[in-house]
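# Coordinate inspection notes
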Amino acid sequence: MQRLVSVCALGAMIYCVSTADHRAFAAPPVEAFGKLPAAHQAQISPDGKHLAIIKPVDGHEKVVFIDLTNPGAKPYIVGMDGGVAGEVFWKSNDRAICVFHATLRHKFYREIDPWRRAISVTLSDQTAALLMNSAPWFYRNFDEGDIVDFEPNDPDHVYMDEYDRWDREVTRDLYKVDVKTGAADRVFRGTRDTIRYVMDGNGNMIARIDQGDDLVDHVLAGGTEIYNYPVRGGSQFEIDGLTGGKDQAFVTERQSPAGTLGLYAWAPSSPGSALFENATYDLDHVVFDRLEKQVLGVSYADDRLRTKYFDPAMEQIQTSLETAYPDQSVSILSKDDAGSSYVVLTDGPKNPPALSLYTPASHQTKIIAEAYPSLHASDLGEEKPYPYAARDGLSIHAYLTLPPGRPAHNLPTVIFPHGGPEARDMMQFDWWAQFMASRGYAVLQPNFRGSAGYGLNFIKAGDGEWARKVQFDVQDGVKKLIADGIADPRRICIVGGSYGGYMALAGATFSPDLYACAISYAGPADLNRELYRLTSFESEGVSIWKRRIGADVDSTMLDRVSPANFADRVKIPILLLHSEKDTTVPIVQSEIEDKALLRAGKQVEFVTLPGDDHYLEFADTRIELLKKVEAFLAAHIGDTAQKPAH
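Residues numbered from 1 in each chain as written. Predicted model: local features only at pLDDT ≥ 70, side-chain atom pairs only at ≥ 80, totals over all residues. Heavy atoms only, no water.

Next up on the list: the overall build of the chain. Helix and strand counts for the chain come out as 12 helices and 37 strands. Here the chain has a C-alpha radius of gyration of 26 Å; the compact-globule value for 646 residues is 26 Å, and the two agree. Along the first, second and third principal axes, the C-alpha atoms of the chain reach 85 × 70 × 50 Å. Sequence-distant contacts, at least 24 apart, represent 54% of the contacts inside the chain between residues at least 6 apart. Taking the 65 positively charged and 88 negatively charged side chains of the chain as two groups, their mean positions are separated by 4 Å. (Helix = DSSP H or I, 4+ residues; strand = E, 2+ residues; numbered from the N terminus. Rg over C-alpha atoms; globule rule 2.2 N^0.38 Å. Contact = heavy atoms within 4.5 Å. Lys, Arg positive; Asp, Glu negative; His and termini not counted. Charge placed at Lys NZ, Arg CZ, Asp CG, Glu CD.)

Structure representation (structure tokens):
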């Protein structure tokens, strides 16, 4: 009998290996990539007894509370009608604050706007309170989700702010909010210029920041200006928070001597000591404590995201985790107050994000949730750095993902530029890029000039070059792929979202002979209309976009680099995709491009994705997008597609 069991077990093992080998050449279904990640954010309570996880429930991301001391207990789920959970913070062992957002039509102005609301949740009696609910202009403010100060010494209150109207003047005012009832009491009235409050983490306001019409930010302490700095076109100076310990100092971001973005302990009377500088790479983001006030460390990216802590004990834990996951980015999302449990996020190109609970005492990690549990390493493409030199000698960092199960020769290829443009790609799991690789396409993700991460000079090298050198950077990557024998020159498509969508439209318009097709998701097509859609006043945001486009020195650039104005130059089929409730790049941008292409007699398909916003937050939308992308690529550069003659 035992011999029969042994044989059956061996047979089962052989069968499993066989199916795994077969799966490496059979693409997973669209849903495996398009479903929302099963979890991507988690916070552990101060006493380590509860876990708050943001995960999809019934198609919307909600906050799920799990009792770690009682694995059999039913989870407590908190959601908001029509809302998507974005953040969760622990105020105490029994109370958490959940922040939700949604894209809604304003009840007074009838415009579609992004909204944020914060809810205080008490676990012991499972009650909730909408924070700021008694503030005078609460229901007319879009953004009520920001906590200015958590005030850990007061278990019943936090500080928040909102824009209030007093007669004809609108001011940003500070409120003390009861987390049990949500009621708000105003404690400070700002001026018409106030844009931000800086607090010390203990309920004390140490500075406020006012921005004048001249786009200069003024830092005021006790009503006295202690510093000012210009923000027209963007600023390389920003106050992030405070250092820890008794002798607190401002923590600021500014340009390092090497030209990269660094972090500094700063006082108005001195430039301050360096907390973090890297001669090659910019600071990516600041790591805060549980209550989002004290600065604990920084993250930066070379090819992967790296984190450095100022505290030696935390740095040792981070180093140990990175050693345990050598080919992945490792981020500590949360820890309990005793330092006995840590929530860790790991992520790599062939390792979709996973949340784990790390216990230093046992040196063990236990997986809490995998973001894409149905995907396996054999389903995913191998990603590697693919650096090259642009035609003017500038070094371009790029990443190439090769399709699983296919030799890297004469492949149909997708050029996949990122959004931003002041963003960047790195070696991490990318659900859209990996989906295209799983369908047999090589995928190139170039960090063209203007991308973040490589210093101020690299960012500003893209200013005013959207239709020239930025495009040349991408073109030179295409030419290298062809020269290396990787890409089939007759089967190359450019695909992108947001600014990447603009890059796809610009590629089809300004270099129409290089590509066989183009796909734009939410790409701006008429820059003049996009820039001034909200206001004719030159705000800080408008000034930044003018600098990026080059309109700060030549106003005609807005029209000269708008793809919709040159639709007659397009020679290839274009797929336009756009979410109905996009407020970042409104759907009218794709409508303008669609009409321009149709007037010019070009081949265009326009798909509206209902209900979603710019960030593709619903699974149905992602799945529909991927299905359209899959069909379009197959028709124009797939293995059975008719190859265009070049």
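Counting buried residues along strand E34 (residues 487-497), 9 of its 11 residues qualify, which places the element largely inside the surrounding structure. Bridge count for strand E32 (residues 411-415) against E34 is 4 bridges, and the pairing is parallel. What sits directly across from valine 414, in E34, is cysteine 493. For E34 and strand E35 (residues 517-521), the ladder comprises 5 bridges, and the chain directions are parallel. In the sheet register, glycine 496 faces E35, and the bridge partner there is serine 520. Considered for its hand, the β-α-β crossover made up of E34, helix H7 (residues 499-510) and E35 is right-handed. (Buried < 20%, exposed > 50% of the residue type's maximum accessible area, 1.4 Å probe, protein only. Pairing = 2+ DSSP bridges. Right-handed = clockwise from strand over helix to strand, strands pointing away.)

Residues spaced three or four apart along an α-helix face the same direction, because each turn holds 3.6 residues. Taken across its 8 residues, helix H4 (residues 431-438) has 8 buried, putting it largely inside the fold. Among the residues of H4, Trp431, Trp432, Ala433, Gln434, Phe435, Met436, Ala437 and Ser438 are the ones counted as buried. The N-terminus of H4 is capped by aspartate 430, whose side-chain oxygen sits 3.1 Å from the backbone nitrogen of tryptophan 432. Just beyond H4, the residue with positive phi is glycine 440, at close to 100°. (Polar contact = N/O pair within 3.5 Å; in protein donor to acceptor, adjacent residues only side chain to side chain.)

Take the packing of H4 against helix H12 (residues 619-636) next. Put simply, H4 and H12 touch, their axes get as near as 11 Å, and they point 35° apart. Crossing of H4 over H12 shows right-handed handedness. Of the residues in H12, those in contact with Trp431, Trp432, Phe435 and Met436 of H4 are Arg622, Leu625, Leu626, Val629, Glu630 and Leu633. A breakdown of the residues in the contact of H4 with H12 according to their chemical character gives 8 nonpolar, no polar and 2 charged. (Axes fitted to C-alpha atoms, helices over the stretch in contact; angles between N-to-C directions. Left-handed = near helix turned anticlockwise from the far one by under 90°. Nonpolar A, V, L, I, M, F, W, Y, C, P; charged D, E, K, R; others polar.)

Counted under the stated rule, the structure contains 1 disulfide. Across a sulfur-sulfur distance of 2.3 Å, cysteine 493 and cysteine 517 are joined as a disulfide pair. Between cysteine 493 and cysteine 517 the disulfide shows an S-S torsion of about -130°. By sign, it is left-handed. Residue cysteine 493 is located in strand E34, and its partner cysteine 517 is located in strand E35; the two are separated by 24 residues in the primary sequence. Look at cysteine 493 and you get buried, because its relative accessible area is 0%. With relative accessibility at 0%, the residue cysteine 517 sits in the buried group. (Disulfide = S-S within 2.5 Å.)

Per-residue confidence for the chain gives a mean pLDDT of 90, with 93% of residues at or over 70. Across residues 1-24, confidence stays below pLDDT 50; counting only partners more than four residues off in sequence or on other chains, it has 7 contacts. (pLDDT = per-residue confidence, 0-100.)

This part covers the nonpolar core. Membership of the largest hydrophobic core comes to 64 residues, with the highest contact counts inside it found for Leu263, Leu400, Ile415, Leu481, Tyr502, Tyr515 and Ile574. For this core, the element with the highest residue contribution is H7, accounting for 7 residues. Setting aside anything within four residues of it in sequence, one finds leucine 400 in contact with Glu382, Glu383, Lys384, Tyr386, Ala442, Val443, Leu444, Leu481 and Ile486. Core analysis: the second largest hydrophobic core is formed by 37 residues, Tyr372, Leu380, Ala437 and Cys493 among them. (Core = buried A, V, L, I, M, F, W, Y, C linked by side-chain atoms within 4.5 Å.)

Glancing now at the side chain of lysine 91. Within the secondary structure, lysine 91 is located in the loop between strand E5 (84-90) and strand E6 (95-105). No salt bridge is formed by the buried lysine 91. Its closest oppositely charged neighbour is aspartate 154, at 5.8 Å. A distance of 2.7 Å separates the side chain of lysine 91 from the backbone oxygen of glutamate 151, its partner in a polar contact. (Salt bridge = Lys/Arg side-chain N within 4 Å of Asp/Glu carboxyl O.)

Before going further, it helps to examine the packing of aromatic side chains. Counted under the stated rule, the structure contains 26 aromatic pairs. Geometrically, the ring pair formed by tyrosine 372 and phenylalanine 429 is tilted, given 4.9 Å between the ring centres and 50° between the ring planes. Of the two residues, tyrosine 372 sits in the loop between strand E28 (364-370) and strand E29 (382-385) while phenylalanine 429 sits in the loop between E32 and H4, which places them 57 residues apart along the sequence. The same class applies to tyrosine 372 and to phenylalanine 429, which are both buried. Taken together, the ring pairs connect Tyr227, Tyr229, Phe237, Phe250 and Trp266 into an aromatic cluster. Positioned over the ring face of phenylalanine 138 is arginine 117, at 4.4 Å from the centre of the ring. Over the face of the ring belonging to tryptophan 545 we find arginine 548, whose NZ or CZ atom lies 4.4 Å from the ring centre. (Phe/Tyr/Trp six-rings, centres within 6.5 Å; stacked < 30°, edge-to-face > 60°. Lys NZ or Arg CZ within 6 Å of the ring centre and 35° of its normal.)

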